[in-house]
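# Geometric and topological summary
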Amino acid sequence: MIYKTIIIEDEHRLREALSIMLEMVAGDSIQIIGYAESIDEAKKVIDRLKPDLVFMDIMLKDGTGFEVLQQISFNAFHLIFTTAYEQHAINAFKYSAVDYLLKPIDPQELKTAIERIAILQERVLEKQQITELQTNLSKTPDRLVLPTQEAMYVVKLEQILRCETSGSYTTFFLTDGRKIMVSKPLKNYEDILVPPVFFRVHQSHLININAILSYSREGMIHMNDKSVVPISRAKKEQFFKLMKDEI
């Protein structure tokens with residue numbers, strides 16, 4: 001598939017650099033059909049050209065990318081934010097399941113982001129997703145957006161019992177019995193689901209400490225959903241110390 005692409009960036013040199021990089025890593029799969037450097041230009045070019053993919057700088061010369069998203073009529077496109085924000089904002093992106101690239105953009109990360117679009121296949125921009133991001137930028141997030149091919153699920157952190165990863169996919173097991181699979185590896189979540197509430201006990205498992213029923217010195221954890229999760233040898237000492245501190 002060829003993705004009709006728009007770049008919204010108010011610095012000329014960065015627009016050019018991203019254009020060249022896209023040609024290098026994506027070749028014929030990307031067709032750049034327009035540029036914009038302001039809110040007004042961005043609204044017009046998106047609604048008129050109806051792109052498949054938009055790279056959106058957050059801080060524009062006359063406002064933010066969020067204002068563009070709130071005012072456009074056409075929203076059936078894949079969105080990737082480009083940003084120079086610090087770690088607090090990066091965590092907000094992750095909590096909100098918003099695709100982003102941190103400036104200066106790394107070619108391999110750009111390539112991975114484009115490949116992820118092919119996995120998602122179709123996507124309509126979710127207003128709730130952007131609303132969650134704006135909320136998460138202004139406070140400590142207490143909810144996580146989980147994107148699947150069917151929908152965007154917003155779950156409270158306290159609802160997450162455990163996460164289990166297999167390759168590039170992660171399954172979230174929730175307190176209400178739901179299982180939600182997302183096409184991202186567990187490493188995408190382990191720096192936001194952190195101790196003392198969450199702990200990655202194994203390469204394939206991250207758990208909610210509050211959902212533990214019992215654990216053994218041999219390295220097996222019994223969760224309150226009746227699942228049994230192993231503790232890796234490398235994580236045992238750290239896990240037992242965490243549990244001791246919690247008592």
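Residues numbered from 1 in each chain as written. Predicted model: local features only at pLDDT ≥ 70, side-chain atom pairs only at ≥ 80, totals over all residues. Heavy atoms only, no water.

### Here's the deal with the domain arrangement of the protein
Once the domains are mapped, the protein shows domain 1 (3-133) and domain 2 (143-246). A C-alpha centroid distance of 31 Å is found between domain 1 and domain 2. Domain 1 puts 16 residues into the contact, and the matching count from domain 2 is 14 residues. Around 1400 Å² of area is buried between domain 1 and domain 2 when both sides are counted, 55% of it from carbon and sulfur atoms. If you sort the residues of domain 1 by the area they bury against domain 2, K94, Y95 and E132 come out on top, with a joint share of 42%. The tally of links from domain 1 across to domain 2 stands at three salt bridges. (Domains from an automatic or database assignment. Contact = heavy atoms within 4.5 Å. Buried area = accessible area lost by both parts, 1.4 Å probe. Salt bridge = Lys/Arg side-chain N within 4 Å of Asp/Glu carboxyl O.)

### Examining the pattern of salt bridges
Applying the stated rule across the entire model yields 14 salt bridges. Between K61 and E37 there is a salt bridge whose closest N-O contact spans 2.7 Å. With a gap of 24 residues between them, K61 in the loop between β4 (59-60) and β5 (63-64) and E37 in the loop between β2 (30-36) and α2 (39-49) connect regions that are remote in the sequence. The salt bridge involving D99 is made with K184; its shortest N-O contact spans 3.8 Å. (Helix = DSSP H or I, 4+ residues; strand = E, 2+ residues; numbered from the N terminus.)

### Some points on the nonpolar core
Residues I8, I46 and F81 are the most contacted members of the largest nonpolar core, which totals 25 residues. With four residues, α2 is the single largest residue contributor to this core. Core analysis: the second largest hydrophobic core is formed by 17 residues, L144, L157, L174 and L206 among them. (Core = buried A, V, L, I, M, F, W, Y, C linked by side-chain atoms within 4.5 Å. Buried < 20%, exposed > 50% of the residue type's maximum accessible area, 1.4 Å probe, protein only.)

### Quick word on the layout of surface pockets
If you add up the space inside the largest pocket, you get close to 690 Å³. Lining of the largest pocket is provided by 25 residues; of these, Y100, E109, T112, R116 and N188 occupy positions nearest its centre. (1 Å grid on protein atoms, 1.4 Å probe; cavity = no way out; pocket = protein on both sides within 12 Å on 5 of 7 lines; lining within 4 Å. Points joined across faces, edges and corners; volume = space filled by probe spheres on them.)

### Focus on the pairing of strand β1 (residues 3-8)
β1 sits mainly inside the fold: five of its six residues count as buried. Pairing analysis gives six bridges linking β1 to β2, with the strands arranged parallel. Across the sheet, residue I8 finds its bridge partner in β2, namely A36. As for the winding sense of the linkage, the β-α-β connection from β1 through helix α1 (residues 12-26) to β2 is right-handed. (Pairing = 2+ DSSP bridges. Right-handed = clockwise from strand over helix to strand, strands pointing away.)

### A closer look at the environment of K44
With respect to the secondary-structure elements, K44 resides in helix α2. When its relative accessible area of 53% is taken as the criterion, K44 is described as exposed. Here the alpha-carbon distance between K44 and G63, two residues 19 residues apart in the chain, equals 15 Å.

### Things to note about the packing of aromatic side chains
If you walk through the whole model with that rule in mind, you get nine aromatic pairs. Taking 6.1 Å as the distance between ring centres and 40° as the angle between the ring planes, the aromatic pair formed by F199 and F239 counts as tilted. With F199 in strand β13 (residues 198-202) and F239 in helix α7 (residues 236-246), this residue pair connects regions lying 40 residues apart in the sequence. Each member of the pair, F199 as well as F239, is classed as buried. Ring geometry for Y215 versus F239: centroids 5.3 Å apart, planes at 85°, classification edge-to-face. Here Y215 is found in strand β15 (residues 212-215), whereas its partner F239 is found in helix α7, with 24 residues between them in sequence. Judged by relative accessible area, which is 31%, Y215 ranks as partly exposed. Owing to a relative accessible area of 0%, F239 belongs among the buried residues under this scheme. Taken together, the aromatic side chains of F66, F81, F93 and Y100 make up a single cluster linked through ring pairs. Geometry around F240 places R217 over its ring, the cationic atom sitting 4.4 Å from the centre. Looking at K235, its charged tip hangs above the ring of F199, at a distance of 5.7 Å from the centre. (Phe/Tyr/Trp six-rings, centres within 6.5 Å; stacked < 30°, edge-to-face > 60°. Lys NZ or Arg CZ within 6 Å of the ring centre and 35° of its normal.)

### A few points about α2
Listed in full, the buried residues belonging to α2 are I39, A42, V45 and I46. The arc enclosing the buried residues of α2, seen along the axis, measures out at 140°, which places them on a common side. Exposed residues lying more than 90 degrees from the buried face of α2 are K44 and R48. Along its buried surface, α2 packs onto β1, β2, β3 (53-57), β4, β5 and α3 (65-71). (Arc of directions from axis to C-beta.)

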